[in-house]
Amino acid sequence: MTLRHLRVFVTVAETGKMRSAARELFIAQSAVSQTILELERYYDVKLFDRLANRLYITPAGRELLDYAKHILTLYDEMELHMHSSAEKSEIRVGTTFMVGTCIIATLLEEYRKRWPQVVVKVYIGNVNTLGERLRASQLDFLLMEGTIPDNNFIAEEVLDDPMVVVCSPEHPFASRKSVTLEEISKMPYIGREKSNRVEFFDEIMTQHNLPLNFHWISNNSETTKMAVMRNFGITAISRRIVAAEINAGLMHEVQIEDQPLMRKVRLVYHKNKFITAPMQDIFALCRRLEEILP
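Throughout, a residue's number is its position along its own chain's written sequence, starting from 1. For this predicted model, a pLDDT threshold of at least 70 governs which residues receive local features, and a threshold of 80 or more governs which side-chain atom pairs are given and counted, while totals over whole chains, interfaces and linings are taken from all residues. Hydrogens and water are ignored here; the side-chain numbers use all heavy atoms of the structure.

Colleague: I'd love a proper account of unusual backbone geometry, names of residues and values included.
Modeller: Among all residues except glycine, the phi angle is most often negative; among peptide bonds, the trans geometry is most common. One non-glycine residue with positive phi stands out, namely F26, at about 60°. Secondary structure elements follow DSSP: runs of H or I no shorter than four residues count as helices, runs of E no shorter than two count as strands, and numbering proceeds from the N terminus. With respect to the helices, strands and loops of the structure, F26 is situated in the loop between α2 (18-25) and α3 (29-43). Of note, the phi angle at D44 is positive, near 55°, even though the residue is not glycine. Here the term buried applies to any residue with accessible area under 20% of the maximum for its type, exposed to any over 50%, and partly exposed to those in between, with areas from a 1.4 Å probe on protein chains only. What makes D44 exposed here is its relative accessible area of 69%.

This is the structure:
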């Protein structure tokens, strides 16, 4: 079994067809078929079910696919590292919207002072997509609030992310310094688009057996802020995102009685990830975010 076997196998798994894999790899279809057969004989398992002119990966095939992708990624990283200087390397970081809006630029400005020749590419997306990209080795690490349930990921808490409940200056809560969760459940609420992850504030309300009265569902912070400022409802959101609006009097912040709202920002990476020197330094900066952020 060689790296060539693994590359052919991964390509077949991703394309779903021997012919497509052969075209992508610039080799004969018979060579692709023979390679898959050799792998199946070597491990004494069936890697694909063949149905209606298409291949469907088996559970054993999925296990091999996870290993193969990480082996090939490590090999490619080794090749890049050994053939190129650190100054020519590339780092791919994924962030959630809050981190992408409020944190990542400050972090990378500091990092650029240390490694001006390193290319850092940023992908901002939802938690589900970030997890998929990290599993597929399309990202080197994540900086995000919340968690991703995956035993192959290492997650380090690096920063507190205070949450606040905000409303319009015209809202009934605007004359209050604090409210109860029961009062919040009765008000129109501006929420986030649902994903496989339970949102931080939704989980708190669920723990207290209280529903949220959703009037708007948004997938971005700007829409949420606009809806709150125009008095369509209230929301719980990272204070970093709405600090300017609160300071300008466009929003009013209220505390929740006996309920602190504090999320954690985490540095997340695969446990088998090869950590280069430039990555070690950006990880160190992530762990010092409390000092770096204004």
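Still more ground to cover, so stick around.
Colleague: I'd love a proper account of the pairing of strand β5 (residues 141-145), names of residues and values included.
Modeller: Within β5, five of the five residues are buried, leaving the element largely enclosed by the surrounding structure. Every second residue of β5 is oriented toward a common face, with F141, L143 and E145 on one face and L142 and M144 on the other, all of them buried. We treat two strands as partners when DSSP finds at least two bridges between them. Relative to β5, strand β3 (residues 90-95) runs parallel, the two sharing three bridges. Paired with V93 across the two strands is F141, which belongs to β5. The pairing of β5 with strand β12 (residues 262-270) spans four bridges and is classified as antiparallel. Pairing of L142 across the sheet is with V268, part of β12.

Colleague: I'd like a description of the state of the cysteines, backed by residues and values.
Modeller: In what follows, a disulfide is any cysteine sulfur pair within 2.5 Å. All told, the structure shown has zero disulfides when counted by the stated rule. There is no disulfide at C286, and the cysteine sulfur nearest it, in C102, is 15 Å away. According to the relative accessible area criterion, C286 is buried, its value standing at 0%.

Colleague: Summarise the packing of helix α10 (residues 221-229) against helix α11 (residues 239-247); cite the residues concerned and give the values.
Modeller: Packed helix pairs are specified by the crossing angle of their axes together with the interaxial distance, meaning the distance between the axes. Fitted lines through C-alpha atoms give the axes, limited to the stretch in contact for helices. The angle between two N-to-C directions lies from 0 to 180 degrees. The contact between α10 and α11 brings their axes to 11 Å, and the two run at 35°. For the pair α10 and α11, the sense of crossing is right-handed. Across from S221, K225 and M229 in α10, the residues of α11 making contact are I241, V242 and E245. In the scheme used here, Gly and all other residues not listed as nonpolar or charged are polar, with Ala, Val, Leu, Ile, Met, Phe, Trp, Tyr, Cys and Pro taken as nonpolar and Asp, Glu, Lys and Arg as charged. Within the contact of α10 with α11, the residues separate by chemical class into three nonpolar, one polar and two charged. Left-handed describes a crossing whose near helix is turned anticlockwise from the far helix by less than a right angle; the clockwise case is right-handed. Note on contacts: a residue pair is in contact if any heavy atoms of the two residues lie within 4.5 Å.

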